[in-house]
Amino acid sequence: MIKEKGTKVSIIGAGFVGSTTAYALMLNGLASEIVIVDINKEKAEAEAMDLSHGAAFVKAVDVKAGGYEDTKDSDIIIITAGIGQKPGESRLDIINKNIPIFKSIVPEVVKYSPNGILLVVSNPVDILTYIAYKISGLPANRVIGSGTVLDTSRFKYMLSEHFEIDARNIHTYIIGEHGDSEIAAWSLTNIAGVSADEYCSRMCKKCNGSFKETIPDKVKDAAYEIINKKGYTNYAVGLAISRIVEAIIRDEDSILTVSSLLNGEYGLDDVYLAIPTIVNREGAKQILEVSLEEKESDKLKASAEIIKKHLKEAGI
């Protein structure tokens, strides 16, 4: 009997995010083979061994550590490697620390998996995804960043707490930079088709205008708060990555705020930003140019300018 080819996912980086991502993929049965690569080979081996010992509790999956050659013919390569944020640092503060790392990683993974999809998670994700795109030579649809998929989930969670509604029934997006200039798209926010303002006035009965400022600020500061308290974030981002991988390998045509290359959409060009994007086996199949309020569009353009400014300062 010919065994059907499964889905191979390689994770570059065995730190908190990389190892948690492997765990989330394993629990969700999204890959038949997971390869973990890290400069610290013993760490990668230990993570793979620990995960493999749970084989009796999940769908069949081969988890192993290896080098770049072991990532050969991966369907998806997830890059989580890099220098993480320390307390007091912004995501943009670590650009120059991570660019050289990416210049060493990207050519290697593309050499062994020229037909795979690159999913960049390392921060600053929009800038590093753009750099991965430039280095890789791959078409833009096959180089995507995790964008604001996690930020959007944080936003939905905080709104669900405020409105006392299941987070899965709140439809909204955080767009723009995965960082301090990100934008809460209130014009796209609804609960069962009802706008946030209308829901507040008619059903919530405990709202005032300030929640539109305080909740996005809490979303923006969430990672800083977690990093200050425990040194890193890992669980929710692992779940966010797993969700993106699921949309790709199951060819779902799901709309997610991954970081995608803009080529004229929203009047922006040659920049990666988190925008509602149709995600499937092709990667970023199509960026959706949704209607935004003027102030949201202005903030999106400002976010793009911040990204471009930092790219220029980094010599990219």
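Residues numbered from 1 in each chain as written. Predicted model: local features only at pLDDT ≥ 70, side-chain atom pairs only at ≥ 80, totals over all residues. Heavy atoms only, no water.

Selection criterion: UniProt positions are given in the numbering used here, feature names are shortened, and annotations may be inferred rather than shown by experiment.
Per an unreviewed UniProt entry, the protein is named L-lactate dehydrogenase, and its organism is Clostridium paridis. Turning to the protein, the UniProt record has this under Subunit (unreviewed entry): "Homotetramer." Its UniProt record gives the protein the following Pathway (unreviewed entry) comment, quoted word for word: "Fermentation; pyruvate fermentation to lactate; (S)-lactate from pyruvate: step 1/1."

1. Description of the sheet that holds strand β11 (residues 194-195)
Put simply, the test is: Pairs of strands are assigned from DSSP output, requiring at least two bridges between the strands. A run of H or I in DSSP counts as a helix once it spans at least four residues, and a run of E counts as a strand once it spans at least two, with each numbered from the N terminus.
Strand order in the open sheet made by the three strands is β7-β10-β11, with antiparallel pairing throughout. The open sheet has two edge strands, β7 (170-171) and β11, and neither has a second partner. As paired strands, β7 and strand β10 (residues 190-191) are joined by two bridges and run antiparallel to one another. If you follow His171 over to β10, its bridge partner there is Asn190.

2. Concerning the UniProt feature "modified residue: Phosphotyrosine" (unreviewed entry) in the protein
Formally: A simple rule labels every residue: compare its accessible area, found with a 1.4 Å probe on the protein chains alone, to the largest value its type can have, and call it buried under 20%, exposed over 50%, or partly exposed in between.
UniProt marks Tyr224 with the feature "modified residue: Phosphotyrosine" (unreviewed entry), using the numbering shown here. Looking at the secondary structure, you find Tyr224 in helix α7 (residues 211-230). Relative accessible area serves as the criterion here: at 18%, Tyr224 is assigned to the buried category.

3. Quick word on the sheet that holds strand β16 (residues 283-287)
Inclusion rule: The axes used here are C-alpha line fits, helices contributing only the stretch in contact, and every angle between their N-to-C directions lies in the interval 0 to 180 degrees.
One open sheet holds the three strands; their spatial order is β12-β15-β16, and the pairing between them is antiparallel. Both edges of this open sheet fall to β12 (254-256) and β16, since each of them pairs with a single strand only. Across the sheet, the axes of successive neighbouring strands diverge by a mean angle of 40°, strand direction being ignored. Direction of pairing for strand β15 (residues 277-280) relative to β16: antiparallel, over a ladder of four bridges. Bridge assignment links Thr277 to a residue of β16, and that residue is Ile287.

4. Here we look at the packing of helix α4 (residues 125-136) against helix α9 (residues 294-313)
How two helices pack is summed up by the angle between their axes together with the distance between the axes. Rules: Angle categories are assigned with fixed cut-offs, so that under 35 degrees is roughly parallel, over 145 is roughly antiparallel, 65 to 115 is roughly perpendicular, and the rest are oblique. Whether a crossing is left-handed or right-handed is set by the direction in which the near helix is turned from the far one by less than a right angle, anticlockwise for left-handed and clockwise for right-handed. The contact definition used throughout considers only heavy atoms, calling two residues in contact when any of these lie within 4.5 Å. Following the grouping adopted for this structure description, the nonpolar residues are Ala, Val, Leu, Ile, Met, Phe, Trp, Tyr, Cys and Pro, the charged ones are Asp, Glu, Lys and Arg, and the polar ones are all others, Gly among them.
Where α4 meets α9, the axes come as close as 10 Å, and the angle between the chain directions of the two elements is 55°. When the axes of α4 and α9 are compared, the pair comes out oblique. As for how α4 packs across α9, the hand of that crossing is right-handed. Together, Asp126, Ile127, Tyr130 and Ile131 of α4 and Ile307, His310 and Leu311 of α9 make up the contact between the two elements. Here the residues of the contact of α4 with α9 are counted per class, giving five nonpolar, one polar and one charged.

5. Describing a negative patch on the surface
Stated precisely, the cut-off is as follows: Nonpolar side chains (Val, Leu, Ile, Met, Phe, Trp, Tyr) within 5 Å and like charges within 9 Å form the patches, drawn only from residues with over 30% relative accessible area and no salt bridge. The protein chains shown are the only cover counted for residues, whose accessible areas, like all others here, come from Shrake-Rupley with a 1.4 Å probe. Each reported salt bridge corresponds to a side-chain nitrogen of Lys or Arg within 4 Å of a carboxyl oxygen of Asp or Glu. His residues and chain termini do not enter the charge count, which takes Lys and Arg as positive and Asp and Glu as negative. Every charge is mapped to an atom, namely NZ of Lys, CZ of Arg, CG of Asp or CD of Glu.
A contiguous patch of negative charge on the surface is contributed by Asp93, Asp180, Glu213, Asp217 and Asp221. In this fold, Glu213 is placed in helix α7.

6. Quick look at the pattern of salt bridges
The full count for this structure, using the stated rule, is 13 salt bridges. The salt bridge involving Lys212 is made with Asp197; its shortest N-O contact spans 3.0 Å. One end of the pair, Lys212, is in helix α7; the other, Asp197, is in helix α6 (residues 196-204), with 15 residues separating them in the sequence. Asp253 is the salt-bridge partner of Lys285, the closest N and O atoms lying 3.6 Å from each other. One end of the pair, Lys285, is in strand β16; the other, Asp253, is in the loop between α8 (235-249) and β12, and 32 residues separate them in sequence.

7. Some points on the packing of aromatic side chains
Put simply, the rule reads: The criterion for an aromatic pair is that two Phe, Tyr or Trp rings (for Trp, the six-membered ring) have centres within 6.5 Å, with stacked assigned to planes under 30 degrees apart, edge-to-face to planes over 60 apart and tilted to the rest.
Tallying each qualifying case throughout the model produces eight aromatic pairs. Pairing Phe16 with Tyr232 gives two aromatic rings, centres 3.5 Å apart and planes at 0°, and the pair type is stacked. Taken together, the positions of Phe16 in helix α1 (residues 16-27) and Tyr232 in the loop between α7 and α8 put the pair 216 residues apart, joining distant regions of the chain. Since its relative accessible area comes to 46%, Phe16 is described here as partly exposed. Pairing Phe155 with Trp186 gives two aromatic rings, centres 5.2 Å apart and planes at 80°, and the pair type is edge-to-face. Of this pair, Phe155 sits in helix α5 (residues 149-163) while Trp186 is found in the loop between β9 (183-184) and β10, placing the two residues 31 residues apart along the sequence. Owing to a relative accessible area of 0%, Phe155 belongs among the buried residues under this scheme. Put simply, the rings of Phe155, Phe163, Trp186, Tyr199 and Phe211 touch in pairs and so form one group of aromatic residues.

8. Side note on α5
To keep it simple, the criterion reads: Expected helix span is computed as 1.5 Å times (number of residues minus one).
Its 15 residues give α5 an end-to-end C-alpha distance of 21 Å, which sits within 8% of 21 Å, the value for a rise of 1.5 Å per residue. With 11 of 15 residues buried, α5 is to be regarded as a mostly interior element. The complete set of buried residues in α5 reads Val149, Leu150, Asp151, Thr152, Arg154, Phe155, Met158, Leu159, Ser160, His162 and Phe163. Phi for Glu164, located one or two positions after α5, is positive at around 60°.

9. Some words on the side chain of Ser122
As a reminder of what qualifies: Distance and chemistry together define a polar contact, namely a pair of N or O atoms within 3.5 Å, with one atom able to donate a hydrogen and the other to accept it when in protein, and with adjacent residues in sequence counting only for side-chain atoms on both sides.
Turning to its location among the elements, Ser122 is positioned in the loop between β5 (117-120) and α4. There is a polar contact of 3.4 Å between the side chain of Ser122 and the backbone oxygen of Thr80. Within polar-contact distance, the side chain of Ser122 engages the backbone oxygen of Ala81 at 2.5 Å. The residues touching Ser122, leaving out its near neighbours within four places in the chain, are Ile79, Thr80, Ala81, Phe102 and Leu128.

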